Amino acid sequence: MAGRPLIGVSTYLEPGARWGVWELEAALLPAGYPRLVQRAGGLAAMLPPDAPEHAAATVARLDGLVIAGGPDVEPVRYGAEPGPRTGPPARARDTWELALIEAALAARVPLLGVCRGMQLLNVALGGTLVQHIEGHAEVVGVFGGHPVKPVPGSLYAGVVPEETFVPTYHHQAVDRLGTGLVASAHAADGTVEALELPQGPGWVLGVQWHPEMDEDVRVMRALVDAARAGAPRRTPPAVLRPRQ
């Protein structure tokens, strides 16, 4: 564990998925997430929706946390009515992931929000969202991309100092920033593409794009490095040897 921190990644819980002869309810996560965690030097653990009262105990076993992308955050979470382009709610995920975010902040566990995860981090800290913007998801089911420019002096700029072209697929964005959050990268149209909590507990970053769809591991590696630096010392489990 000293070499490979345990990184939890939140997941979908879908009513039906098919593999082989089976079609069953399934906890799902695009393979890009665990692969990116692994390439960045971490161990990946899937965190499907659970009762929110279990979030603190779950986070206590992790060295780092990723809130993954997914469906729109339900507007009631930030005091708004759903707009005509807002998707159906994913209430189990909203409840579970908000509890995970709160637990991670309280425990100072390094936290990365990806797309929906960044938006939910903003909502968790009292911010609001724009329910629809144009130009960031041009073809349904196909990732697009655009340049993202870091804010000098930010945590994100320390990880990725230059303007980069990133894979994107979203139609919602940050509106009013949550308490303590600051924007740390923007798209050319001014959309907040990354945010962070510079005076908050530990390492906290959200990115609007999808690093799991890219070859650039720097954002995830920064999370893994922060997780490694803050990971508690653990006694390795005893190796059971067969009786002679």
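Attention in this report is confined to the structure presented alongside it. Computed from a predicted model, the values in this text were never measured in an experiment.

The rules behind these values
Residues numbered from 1 in each chain as written. Predicted model: local features only at pLDDT ≥ 70, side-chain atom pairs only at ≥ 80, totals over all residues. Heavy atoms only, no water. Helix = DSSP H or I, 4+ residues; strand = E, 2+ residues; numbered from the N terminus. Rg over C-alpha atoms; globule rule 2.2 N^0.38 Å. Areas by Shrake-Rupley, 256 points an atom, 1.4 Å probe, with all protein chains shown as cover. Expected span 1.5 Å × (residues − 1). Buried < 20%, exposed > 50% of the residue type's maximum accessible area, 1.4 Å probe, protein only. Contact = heavy atoms within 4.5 Å. Salt bridge = Lys/Arg side-chain N within 4 Å of Asp/Glu carboxyl O. Patch = residues over 30% accessible without salt bridge, like charges linked within 9 Å, V, L, I, M, F, W, Y side chains within 5 Å. Pairing = 2+ DSSP bridges. Axes fitted to C-alpha atoms, helices over the stretch in contact; angles between N-to-C directions. Core = buried A, V, L, I, M, F, W, Y, C linked by side-chain atoms within 4.5 Å. Phe/Tyr/Trp six-rings, centres within 6.5 Å; stacked < 30°, edge-to-face > 60°. Lys NZ or Arg CZ within 6 Å of the ring centre and 35° of its normal. Parallel < 35°, antiparallel > 145°, perpendicular 65-115°, else oblique. Left-handed = near helix turned anticlockwise from the far one by under 90°. Nonpolar A, V, L, I, M, F, W, Y, C, P; charged D, E, K, R; others polar.

Remarks on the overall build of the protein
A count of helical and extended segments in the protein gives six helices and 13 strands. The C-alpha radius of gyration of the protein comes to 18 Å, within 12% of the 18 Å expected for a compact globule of 244 residues. C-alpha extents for the protein along the principal axes are approximately 70 × 50 × 35 Å. When the accessible surface of the protein is split by element, carbon and sulfur atoms take 57% of a total near 12300 Å².

Remarks on helix H6 (residues 218-230)
In this model, H6 (13 residues) spans 18 Å end to end at C-alpha, consistent with the 18 Å of a helix rising 1.5 Å per residue. All of the buried residues in H6 are Val219, Met220, Ala222, Leu223, Val224, Ala226 and Ala227. Turning to H6, the residues buried within the fold contact strand S1 (6-10), helix H1 (32-39), strand S5 (64-67), strand S6 (111-114), helix H5 (155-159) and strand S13 (204-207).

Describing the pattern of salt bridges
A full pass over the atoms with the stated rule returns nine salt bridges. Put simply, Arg93, Asp94, Glu97 and Arg116 are held in one network by salt bridges that share partners.

Quick notes on a nonpolar patch on the surface
Judged by side-chain polarity, Trp19, Val21, Trp22 and Leu24 come together as a nonpolar surface patch covering roughly 470 Å² of accessible area. One can find Trp19 in strand S2 (residues 12-19). Residue classification places Trp19 among the partly exposed residues on the basis of a relative accessible area of 42%.

A closer look at the sheet that holds S1
The strand order across the open sheet formed by nine strands is S4-S1-S5-S6-S13-S12-S11-S8-S9, and the pairing between neighbours is mixed. Lying at the two open borders of the sheet, with one neighbouring strand each, are strand S4 (43-47) and strand S9 (164-168). The mean inter-strand angle of the sheet, taken between neighbouring strand axes irrespective of direction, is 30 degrees. In terms of strand pairing, strand S8 (residues 144-150) meets S9 through five bridges, oriented antiparallel. Its bridge partner being in S9, Val148 is matched across the sheet by Thr164. Against the sheet, helix H3 (residues 91-107) touches S1, S4, S5, S6 and S13, its axis set at about 150 degrees to S5.

What about unusual backbone geometry?
The residue Arg108 is not glycine, and still its phi comes out positive at about 60 degrees. Within the secondary structure layout, Arg108 lies in the loop between H3 and S6. Even without being glycine, Cys115 reaches a positive phi, approximately 55 degrees. Relative to the elements of secondary structure, Cys115 occurs in the loop between S6 and helix H4 (116-124). The buried category is assigned to Cys115, whose relative accessible area is 5%.

Some words on the nonpolar core
By size, the foremost hydrophobic cluster in this structure holds 31 residues, and its most contacted members are Val66, Leu112, Tyr156 and Met220. Elements represented by at least two residues in this core include exactly S1, H1, S6, H5, S13 and H6. In terms of residue count, the dominant contributor to this core is H6 (seven residues). Apart from residues no more than four positions distant in its own chain, Leu112 is found in contact with Leu65, Val66, Ile67, Trp203, Leu205, Val207, Val219, Met220 and Leu223. Leu62, Ala104, Leu181 and Leu197 belong to the second largest nonpolar core, which has 30 residues in total.

Topic: the environment of Leu47
Assignment of secondary structure puts Leu47 in strand S4. Ignoring anything within four residues of it in the chain, the contact list for Leu47 reads Gly8, Val9, Ser10, Thr11, Thr58, Leu62, Leu65, Trp96 and Leu100.

Considerations on the packing of aromatic side chains
The geometry of an aromatic ring pair is captured by the separation of the ring centres together with the interplanar angle, meaning the angle of the planes. Scanning all chains against the criterion turns up one aromatic pair. Between Tyr156 and Trp209, the aromatic rings sit 5.5 Å apart at their centres with planes inclined by 65 degrees, giving edge-to-face as the arrangement. Residue Tyr156 is found in helix H5, and its partner Trp209 is found in the loop between S13 and H6; the two are separated by 53 residues along the sequence. Comparing Tyr156 with Trp209 shows no difference in burial state: the two are buried. The ring of Tyr12 has Arg93 lying over it, and the distance from NZ or CZ to the ring centre is 4.7 Å.

A look at the packing of H3 against H4
H4 packs onto H3 with a crossing angle of 70 degrees between their chain directions and a minimal axis gap of 10 Å. If you check the angle between H3 and H4, you find them roughly perpendicular. Considering only the axes of H3 and H4, their crossing is right-handed. Contacts from Arg93, Asp94, Glu97, Leu98 and Ile101 in H3 reach Arg116, Leu120, Leu121 and Ala124 in H4. For the contact of H3 with H4, the per-class residue count stands at five nonpolar, no polar and four charged.

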